[in-house]
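Results of the structural survey
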Amino acid sequence: MNPAPGAQAGHHRIITVTRAEALRWWRAGYQAGRQAAEHEHQAQAHWDRLVASFHAQRAADQQAKLDALLLEAIAALAGLFSGPDNPGNRPA
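Residues numbered from 1 in each chain as written. Predicted model: local features only at pLDDT ≥ 70, side-chain atom pairs only at ≥ 80, totals over all residues. Heavy atoms only, no water.

For the structure on display, the rule yields one aromatic pair. Taking 5.4 Å as the distance between ring centres and 15° as the angle between the ring planes, the aromatic pair formed by tryptophan 26 and tyrosine 30 counts as stacked. In this pair, tryptophan 26 and tyrosine 30 both sit in helix H1 (residues 19-81), four residues apart, roughly one turn of the helix. (Phe/Tyr/Trp six-rings, centres within 6.5 Å; stacked < 30°, edge-to-face > 60°. Helix = DSSP H or I, 4+ residues; strand = E, 2+ residues; numbered from the N terminus.)

The structure is reproduced here in structure tokens:
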């Protein structure tokens, strides 16, 4: 007579899975993978928006600095040419 399965040390218990159960497990795994991929896609899209916003803000800051320097240069040139020593400012 054979002893009951699992009663002997070293024997592994065999679990049988029906086709329906296997399909449920497969579907659960598929959905989990799909949700993970969707989450990753959303996270990447969010990161892309943050990077684009950073680049736009940086470009705007650089443009503002350049505009300020240009205005300073124009003011300095205007000061050179509007002084009393400038021959163009003498009355005719």
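After that view of the structure, there is still more to cover.
Okay, the pattern of salt bridges next. Evaluated as defined, the whole model comprises one salt bridge. A salt bridge links glutamate 38 to arginine 34, with the nearest nitrogen and oxygen atoms 3.6 Å apart. Of this pair, glutamate 38 and arginine 34 both sit in helix H1, four residues apart, roughly one helical turn. For glutamate 38, a relative accessible area of 39% corresponds to the partly exposed category. By relative accessible area, arginine 34 is classed as partly exposed at 41%. (Salt bridge = Lys/Arg side-chain N within 4 Å of Asp/Glu carboxyl O. Buried < 20%, exposed > 50% of the residue type's maximum accessible area, 1.4 Å probe, protein only.)

Its location among the elements puts serine 82 in the segment after H1. At a separation of 2.8 Å, a polar atom in the side chain of serine 82 contacts the main-chain carbonyl oxygen of alanine 78. (Polar contact = N/O pair within 3.5 Å; in protein donor to acceptor, adjacent residues only side chain to side chain.)

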